[in-house]
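Each chain, letter by letter, is given below.
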Amino acid sequence: MVSSVGVYSQELEYTTIEELYTKTEKRPALIFLTAEWCTYCEKMKNTSFEEKQIVQVLNERFYFVEFDIEQKEEIKLGDTVFRYKPTGLKTGTHELAEIIGTIDGVLNTPTIILLNSDMEIVYRYGGYLDTKQLEVLLESI
Amino acid sequence: MRNLFIILFLFVLSGSLNAQLSSITGTITHEKDALEFVNVYLVGADKGTISDSDGHFTLSKIRPGEYKLRVSYIGFKTVEREIKIEYGKDQVLNIELEASEIQGEELVVTGTLKEISRSKSAVPVEVFSPKFFQMNPTPSLYDAMQNVNGVRPQLNCNVCNTGDIHINGLEGPYTMILIDGMPIVSGLSTVYGLSGIPNSMVERIEIIKGPASSLYGSEAVGGLINVITKKPSTAPTFLADAMTSFWGELNLDLGGKFNLNNKADVLTGVNIFNYSNPIDNNGDNFTDVTLQKRASLFQKWSINRKSNKLFTLATRFLYEDRWGGEMDWTRDNRGGSEIYGESIYTTRWELIGNYQLPTTEKFLLSFSYNDHHQDSYYGDIPYFADQRIAFSQLTWDIEKGKHSLLAGTALRYTYYDDNTPATASSENIEINNPDEIWLPGIFLQNDISVSEETNLLLGLRYDYNSAHGNIWTPRVAYKHSFNQKNILRLNAGTGFRVVNLFTEEHAALTGAREVIIAEELKPEQSYNANINYEHKIYGSSGNYVRLDATAWYTYFTNQILPDYESNSNEIIYDNLDGFGVTQGFTLNADIELNSGIKIMLGGSFIDVHTVEKDESGISQRNRPLLTERWTGTWAVSLPVSRSGLKVDYTGNLYGPMKLPVLGENDPRASESPWWSLQNIQMTWNPQNSELEFYAGVKNLLNFTPPSNSISRSNDPFDRGVVFDGDGNALATPNNPNALTFDPSYVYAPNQGIRGFIGFRYNIR
């Protein structure tokens, strides 16, 4: 079992939100909201998202999207453009992150958003998830 | 179809289209509780939405027809309903969801915001979240700084308890304090810059030790503390934090936000602090801790513009009434020479604004203004002062391939006036001549992403000081990430500073010492370099360790140093005829174990010295007063099972410092001992509760400085002191050590062990 996983040992494949919009193969997706200064995001990237089993499940069954809530680049989906919204000197949030990631009026990082293959948001969680918790989450969809 | 995108478009389109067609509204519940974020999807109409915090949902603009409504949420059974929509007929549909058996393991909310982190920038910026400061709650950010390695709040006066912030052994004036990146705190107001910012309004605090980016000018050689206030998306709807200690200190923080017709988001914060219970535990007949009443109001408007561009306006108002002195002092004694007291009334207001110009290019106009008025008496010596600082800055952000350019121009105007000869005309002391300084500047910074791993930041700033002429400040910062876990940073730059004597020296104000300026002071020039290495370890079972080491070196020429030692009644200011050095290294460790235990440790070695030739031409090495060689801080957080109970143990340790004694016969120790403040706290936050309770004990070791710290506290007006012709105190039978009244011998707060209790109420 372990050795067969070893053969597929691979790196996590990233998809962008724009690509998600144009994919023809239906798959559920996981959107991972991060920020540059977010230590727990980095921790997840260096632990859970490096775990072979999780990487394999994500690569084979999901689309994985990492989205920096403070990214400056515009995102164009169809005819609509989503922009970075500055809130002060050198600080701000991307409106796309605000729309999809705000839970209870607060946008946290990390935030995990799960979409089913119909691109319906089925689950959101604001906070660090360890490998086991993430596994349970991915199995439930 | 792609529901996520429909949701996104709905957010964008709602409001712009008229609802001519029918709509479905409803509430989604589970066992009478409203369910938030349930996916509601109308199959066949390609419309979807999510329920809000009250479980409500609305699907509008639906054409007549037959549809299937699907309601789904992880952990619950999906519900499908056939629905017939008739033209112009709105429907209400309430749906109860049943829990499904395959409910995932219940998730306990753990990490979102780390207590301490480091920004990705090439300039070493440490970021502290409010969570860090909550481990040892303090009524003001000034006191909170005691928890940060290498940063020490230094009280300058035993009586009025005003102070400044020392970073890596450098005095307060080398520290720059900013609010939202604006230099609105300086000189007169250092202590007020950090007290009276409601904690509820703080999103994070960024600390840069050593010279910062050229964006911030040339003064902050010691370091920079930038208080970033919350933005509407991170602020809670309502927050209250109330704390009291067994000394009778009461601190209340209130914060809230509201949205004004989608035109603006408004954040409001209020801080009230009251300590009105004079205590004299050390028996010197002087108040141990200064009595304080403080109220501060902060409001920030984020105005929504169609273009999404930034427009914020913030204002802060602060009023403070503090006094310290002999225990029997009353307000009737203010300014009198019967009973000694220091009484300070402060009124201060600030305005901070940011406006992005409506141009395609990214231009940002920032402006701030503050007005600080101090009405005070130190014993019978009046001190009335006004300080106004106006600041404006226009920056231009250009992103081009690997280059991220920032060009800008800034103008700072400082006005200072007081009732002392410092602001009198040099020809006629009767004529008032307020001090006005214009400081226009331009700067250019290029942050180059040389490669995926390497960043190079080059900056150059030019300022023109109306009193001192040209000031050039170059900066270079280099960052190399060997991988995600090993990062190296190198920084170098210069600094420039002019001393502002009368606003820096408390002892001059109290009349305890007279200020002597030996010659015309030249501006001080400094050169700094530092190196930082960060190493992260991610254990397989979720353990995490971050190690962070920094070494620095600063060389000063023309250093302006106060000399307390040549004459005990004077502070002599002089340009150093030699050079000054501060150097050292610091190590921080941030450990987070799988079990939830967090340990943050920091230690620094600091060497501050000057080298100057004495009269016989031999170079003498001298260590300035109140600089510690060794310092350490720690914070340990232990979660107690899953009950929501947490224990925090915080503390700091300082090595000996040289202290300002009054001559050789002064019985007070000329060096402070090793001392440490340690605190323990328990926080209880029942799960899903908006209420959090905390209680603890501060200064567990009950450390207080010696009770004779104020010299001749029995004779604060020096009535029993006999002076010689030069103003030196003479030894007399009732003054055998030839002392005068002096409250400026202080290295630690006078407050011993005490309990505290408080609660936080947080509605998101």
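The rules behind these values
Residues numbered from 1 in each chain as written. Chains lettered and ligands numbered in written order. Predicted model: local features only at pLDDT ≥ 70, side-chain atom pairs only at ≥ 80, totals over all residues. Helix = DSSP H or I, 4+ residues; strand = E, 2+ residues; numbered from the N terminus. Rg over C-alpha atoms; globule rule 2.2 N^0.38 Å. Contact = placed C-beta atoms within 7 Å. Buried ≥ 20, exposed ≤ 12 C-beta atoms within 10 Å, placed from the backbone. Arc of directions from axis to C-beta. Core = buried A, V, L, I, M, F, W, Y, C linked by C-beta atoms within 7 Å. Pairing = 2+ DSSP bridges. Axes fitted to C-alpha atoms, helices over the stretch in contact; angles between N-to-C directions. Nonpolar A, V, L, I, M, F, W, Y, C, P; charged D, E, K, R; others polar.

Draft legend 1. Just the overall build of chain A, in detail. Of regular secondary structure, chain A possesses 6 helices and 8 strands. Relative to the compact-globule value of 14 Å for 141 residues, chain A shows a C-alpha radius of gyration of 15 Å, a close match. Reported as C-alpha extents along the three principal axes, the dimensions of chain A are approximately 50 × 35 × 25 Å. Taking the contacts inside chain A whose residues are at least 6 apart along the sequence as the reference set, 66% of them involve residues at least 24 apart.

Draft legend 2. Local environment of helix H6 (residues 131–139) of chain A. Residue and element names in this part refer to chain A. Within the span of H6, buried status applies to Gln133, Leu134 and Leu137. Buried positions in H6, seen along its axis, are confined to an arc of 95 degrees and lie on one side of it. Residues of H6 that are exposed and point over 90 degrees away from its buried face: Lys132 and Glu139. Those residues of H6 hidden inside the fold are in contact with helix H4 (52–61) and strand S7 (111–115).

Draft legend 3. Spotlight on the nonpolar core. Ranked by size, the top nonpolar core spans 102 residues in total, and within it Leu30 and Ile31 of chain A together with Val38, Val40, Phe128 and Val227 of chain B carry the most contacts. The element that contributes the greatest number of residues to this core is strand S1 (residues 29–34) of chain A, accounting for 5 residues. Excluding residues that lie within four positions of it along the chain, Leu30 of chain A makes contacts with Leu58, Phe62, Phe64, Ile112 and Leu114 of chain A. Within the second largest apolar cluster, 24 residues are counted, among which are Tyr564, Met657, Ala729 and Tyr745 of chain B.

Draft legend 4. Fine view of the sheet that holds strand S8 (residues 121–126) of chain A. Residues and elements named next belong to chain A. The strand order across the open sheet formed by 4 strands is S2-S1-S7-S8, and the pairing between neighbours is mixed. Each having just a single partner strand, strand S2 (63–68) and S8 make up the two edges of the open sheet. Taking the axes of each pair of neighbouring strands and ignoring which way they run, one obtains an average angle of 15 degrees across the sheet. Pairing of S1 with S2 involves 6 bridges; the strand directions are parallel. Looking across to S2, one finds that Ala29 is bridged to Tyr63.

Draft legend 5. Representation of the interface of chain B and chain A. Taken together, the contacts link 49 residues of chain B with 46 residues of chain A. Secondary-structure elements contributing two or more residues to the side of chain B that touches chain A are helix H1 (3–13), strand S3 (39–43), strand S4 (47–50) and strand S23 (341–356) of chain B. With 7 residues, H1 of chain B is the single largest residue contributor to the side of chain B that touches chain A. Counted by class, the side of chain B that touches chain A contains 19 nonpolar, 23 polar and 7 charged residues.

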